[in-house]
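Survey of secondary and tertiary structure
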Amino acid sequence: MKLCEECHKEPAAVFLKLAVNNKVTETHLCPACAARKGMGFGLETGAFNISDIVGNMSGYFKDFLPPEKKTLRCRACGLKYSEFKESGRLGCPDCYASFEPQLTELMARIHGSSQHAGRAYAGGASLKLSRAETARRLEELRAELRGAVEREDFESAARLRDAMKALEGGRRG
Amino acid sequence: MGEALKSFRSGIAWANAGGAWPDMVFSTRVRFARNLEGFPFPNRAEPRQLAETRRLALAAARATSLFARGHFLKTEALSALERRFLVERHHISHALAASVLPSGAAVSCDEDLAVMVNEEDHLRLQCLRAGFAIEEAFSSALKLDEALGRELPFAYGARFGFLTACPTNTGTGMRVSCLAHLPALSRLGRMPQVLENLSHLGVTARGIYGEGTVALGDFYQISNATCLGRAEEDFCQNIDRVIRNLIRQEIAAREALLKGPLKLRTEDAVFRALGLLRHARRLSYEEFMQNVSLARMGAAMGWNTGTDLSAFNQVTLQMQPAHIQAAAGKPLGPEERDAFRAERVRAAFGGR
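Conventions adopted
- All residue numbers here refer to positions counted from 1 along the written sequence of the relevant chain.
- Chains and ligands are labelled sequentially in the order written, the chains with letters from A and the ligands with numbers from 1.
- Residues qualify for local features only when their pLDDT is at least 70, as the model is predicted, and side-chain atom pairs are given and counted only at 80 or more; totals for whole chains, interfaces and linings, by contrast, use all residues.
- Start and end points for every domain follow an automatic or database-based domain assignment.
- We call two residues in contact whenever the C-beta atoms placed from their backbones are within 7 Å.
- Strands here mean DSSP runs of E at least two residues long; helices mean DSSP runs of H or I at least four residues long; both are numbered from the N terminus.
- In this scheme the burial state of a residue depends on its C-beta neighbours within 10 Å: 20 or more other such atoms mean buried, 12 or fewer mean exposed, and anything in between means partly exposed; the C-beta positions come from the backbone.
- All axes are obtained by fitting lines to C-alpha atoms, using only the stretch in contact for helices, and the reported angles, taken between N-to-C directions, cover 0 to 180 degrees.
- Here the word oblique covers every angle except those under 35 degrees (roughly parallel), over 145 (roughly antiparallel) and from 65 to 115 (roughly perpendicular).
- Each helix crossing is assigned a hand: it is left-handed if the near helix lies turned anticlockwise from the far helix by less than a right angle, otherwise right-handed if that turn is clockwise.

**What to know about the domain arrangement of chain B**
Residues and elements named next belong to chain B. What the domain assignment reports for chain B is domain 1 (3-253) and domain 2 (261-348). A separation of 26 Å is found between the C-alpha centroids of domain 1 and domain 2. With 20 residues of domain 1 in contact, the opposing surface of domain 2 contributes 21 residues. Elements represented by at least two residues in the side of domain 1 that touches domain 2 include exactly helix H2 (80-88), helix H5 (183-187) and strand E10 (215-224). Counting residues per element, the side of domain 1 that touches domain 2 draws most heavily on H2, at 4 residues.

Shown next, in the form of structure tokens:
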């Protein structure tokens, strides 16, 4: 009997087989570890989540992601590329732009393609943010604006002012 | 059970035998992973940002009118049993059930549509359908996606498509899955080979072992392994092809079980299982699943099991641990639970 690949103590009771670009990986887990990973005894649970398993398979992303200098990080949320390599999870939508070359390579390996060919999205309504969230964002922009003015980065300052105006407009509307 | 789940009906429409090949495909699910522009993904968001994305997502679900008379749930307001109940009903994931941050779900009145909020992605929306019904599930899920996508700005780029926390979901963000019931292939010991073959077809297969090497209830979930670089319909078609192929193999296996000396053995196994379901005084979930699987196959073979496929499906859902406790109206220890389960199963199968 195979032992669980997580705890190495209990007999494996759940198996999972993944085929990605003809590379077949098998995972064997005991019920307790499987439940922790969201693969319990439910039937077709919304639970089953390939990314939980792939993302948790140690080395999966590390093997697939190109190395990059340590300082690379997302310009929006600050997630370090090295953190992404470790966790397999991105921090925010802007990470895709910040790590585009690396992700292009990763996508080709995971999906066999790095170009979306499904439905295009025309965009939806702008967010009706709560007053508290709007105020918080305005405060952040204000701080950034101060920094930009100090650096004499007037291009950024103009962009930040526009963003603040848009937020304030949304608040009134 | 608390107030939150009182209004959930005991029967579920998508668990009735319906769609194509209901005796081999229990249900079909299509889900989309979506995120909101302007917020970090849930794993990097602060609690107050998650409270905001939840407020926005649930308000958007309400605004679509697809959730009229539906359920709008906040995870922290639910007990452990209620969360487990929702997992068993396929509305939320184990991960969401374990969430300690602001998260929740919207579930439609008929329980065919659901939106999970602040699981790995801001939104995970899904449609469930009875039997083998990829087209129907896809078109309903798409309708839900489009309705929510008008209410909210989804994170999207022309290059990578819909942007998700994990790169395995990027692109269409779509996962199509069928829950296949394959008792004959299992009985003939063909599943290892079948799974081996599936692994080369761009699909993921999941089975759960009970004791030994038999999958719990002989249920296997088959879903697409990738979701970027092709149109949604192409991914659907691939799963469709794979499932049709599986169905052909299961049909052949069922025919083999009815040939020559095997027929008597098969019949014996089916009716022994039915006898056990009708008369047992203690039934663990695992033992129940093993036997209901055989009895269900017997019903599909046209033998008089006294119970139709829809009833088999509903019982299979209702006998899960949290459902049993919900039916009992109080928390039960394992012994009491097995006794209570046996009582309910006897009633469902006309036993004594």
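Resuming the write-up.
**Details of the environment of phenylalanine 99 of chain A**
All names here are of chain A. Here phenylalanine 99 shows up in the loop between helix H5 (95-98) and helix H6 (100-111). Note on phenylalanine 99: 22 C-beta atoms within 10 Å, which makes it buried. With 14 residues separating them in the primary sequence, phenylalanine 99 and lysine 85 have C-alpha atoms 11 Å apart. With sequence-adjacent residues up to four places away left out, phenylalanine 99 is seen in contact with Tyr81 and Phe84.

**Section: the packing of helix H1 (residues 47-64) of chain B against helix H4 (residues 134-151) of chain B**
All names here are of chain B. Where H1 meets H4, the closest approach of the two axes is 9 Å, and the angle between their N-to-C directions is 120 degrees. In terms of axis orientation, H1 runs oblique to H4. Pair H1 / H4 crosses with right-handed handedness. Along its contact with H1, which presents Ala60, Ala61, Ala63 and Thr64, the element H4 presents Ala147, Leu148 and Glu151.

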